[in-house]
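Observations on the model geometry
Here's the letter readout for the chains.
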Amino acid sequence: YGNIYDDKMYEGANCSSSARILGIYNSKMIINYEFCKTLEDAASANFTELVFEFDFDTNQMTLTDIQSIPVYVDSDTIIYNDYDINKCVVIDKGNRFELDIGEITLASLLNNKLFVRDDKNNYALKWYDLSDMSEHYVKDYDGFMPVSIYYESYILTKGNKTVKLTEKDLLASDEE
């Protein structure tokens, strides 16, 4: 399909550019592309980050208006930090949510619940119910992240450890 971005005008791009496919959202491939503009930027790891979307129907690659690397992408959902408004943005099935929860680095969305890892609090697992915007903690599961739902249970993983918790278990953990 060709190049992602013509960065040849920047001397630092020769030794620093990389691309990563983040997932498919809204029938378009979301790609993170980063490079350094100068050799000094490359030495100090000062990267320019761009987010592109590739339209499979038109074979066109365009720069998105998303200003930071999405932390979660699936067919209906994209989650990213919007640094202009200092909020976490969730766009799910066309609905936009802005949460004032600080910068997030890892997230997932299952059953209208936004799960995030709190990197500043021993990787505590928190979740937000997007239907009422309530905040909850999943105690005793620091570092775990939900990856799927199976028979009404949330499947959480941490390295090679896996647990399943029902919604009742999640709510009970928050009350402990």
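Structural notes, computed from the coordinates. Predicted, not measured: the structure shown is a model, and the values here were computed from it.

Topic: empty space enclosed by the protein
Applying the stated criterion to the full structure yields 1 cavity of 30 Å³ or more. Each pocket or cavity is described by its volume, and for the largest cavity that value is around 40 Å³. Lining the largest cavity, in full, are Asn-81, Asp-82, Tyr-83, Asn-86, Lys-87, Cys-88, Gly-102 and Glu-103. Where the lining of the largest cavity is concerned, the elements lending two or more residues are β6 (77-82) and β7 (87-92). Here the lining of the largest cavity is built from residues that sort into 2 nonpolar, 3 polar and 3 charged.

Quick word on the side chain of Asp-118
Relative to the assigned elements, Asp-118 resides in strand β10 (residues 113-118). Other than its neighbours up to four places away in sequence, Asp-118 contacts Tyr-123, Ala-124 and Lys-126.

Describing the sheet that holds strand β9 (residues 107-110)
Reading across from one edge, β9-β10-β11-β12 is the order of the 4 strands in this open sheet, with antiparallel pairing throughout. At either end of the open sheet lies a strand with only one pairing partner, and these are β9 and β12 (134-138). Ignoring which end each strand starts from, the neighbouring axes of this sheet average 25 degrees apart. Pairing between β9 and β10: 4 bridges, direction antiparallel. Bridge assignment links Leu-110 to a residue of β10, and that residue is Lys-113.

Some remarks on the sheet that holds β6
Two strands in a sheet stick together by hydrogen bonds in their backbones, pointing the same way (parallel) or opposite ways (antiparallel). Strands sit in the order β5-β6-β7-β8 across an open sheet of 4 strands; the sheet is antiparallel. Both edges of this open sheet fall to β5 (72-73) and β8 (95-99), since each of them pairs with a single strand only. Sheet topology places β6 next to β7; 6 bridges connect them, and they run antiparallel. Paired with Asn-81 across the bridge in β7 is Cys-88.

Here we look at the pattern of salt bridges
Summed over the entire model, instances satisfying the criterion amount to 6 salt bridges. The shortest N-O distance in the salt bridge between Asp-92 and Lys-93 comes to 3.5 Å. The exposure class of Asp-92 is buried, given its relative accessible area of 7%. Since its relative accessible area comes to 59%, Lys-93 is described here as exposed.

Observations regarding the packing of aromatic side chains
Throughout the structure, instances matching the rule amount to 7 aromatic pairs. Relative to Phe-35, the ring of Tyr-10 lies with its centre 5.3 Å away and its plane at 35 degrees, an arrangement referred to as tilted. One end of the pair, Tyr-10, is in the segment before β1 (18-25); the other, Phe-35, is in strand β2 (residues 28-35), with 25 residues separating them in the sequence. Where Tyr-141 meets Phe-144, the ring centres are 5.4 Å apart and the plane angle is 80 degrees; that geometry is what we call edge-to-face. Assessed through its relative accessible area of 9%, Phe-144 is described here as buried.

Topic: the environment of Ser-16
Of note, Ser-16 is situated in the segment before β1. Judged by relative accessible area, which is 10%, Ser-16 ranks as buried. In this structure, the C-alpha to C-alpha distance between Ser-16 and Asp-140, residues 124 residues apart in sequence, is 40 Å. Ignoring anything within four residues of it in the chain, the contact list for Ser-16 reads Glu-34, Phe-35, Cys-36 and Phe-47. Looking at Ser-16, its side chain comes within polar contact range of the main-chain nitrogen of Cys-36, at 2.8 Å.

Cut-off values and rules
- Residues numbered from 1 in each chain as written.
- Predicted model: local features only at pLDDT ≥ 70, side-chain atom pairs only at ≥ 80, totals over all residues.
- Heavy atoms only, no water.
- 1 Å grid on protein atoms, 1.4 Å probe; cavity = no way out; pocket = protein on both sides within 12 Å on 5 of 7 lines; lining within 4 Å.
- Points joined across faces, edges and corners; volume = space filled by probe spheres on them.
- Helix = DSSP H or I, 4+ residues; strand = E, 2+ residues; numbered from the N terminus.
- Nonpolar A, V, L, I, M, F, W, Y, C, P; charged D, E, K, R; others polar.
- Contact = heavy atoms within 4.5 Å.
- Pairing = 2+ DSSP bridges.
- Axes fitted to C-alpha atoms, helices over the stretch in contact; angles between N-to-C directions.
- Salt bridge = Lys/Arg side-chain N within 4 Å of Asp/Glu carboxyl O.
- Buried < 20%, exposed > 50% of the residue type's maximum accessible area, 1.4 Å probe, protein only.
- Phe/Tyr/Trp six-rings, centres within 6.5 Å; stacked < 30°, edge-to-face > 60°.
- Polar contact = N/O pair within 3.5 Å; in protein donor to acceptor, adjacent residues only side chain to side chain.

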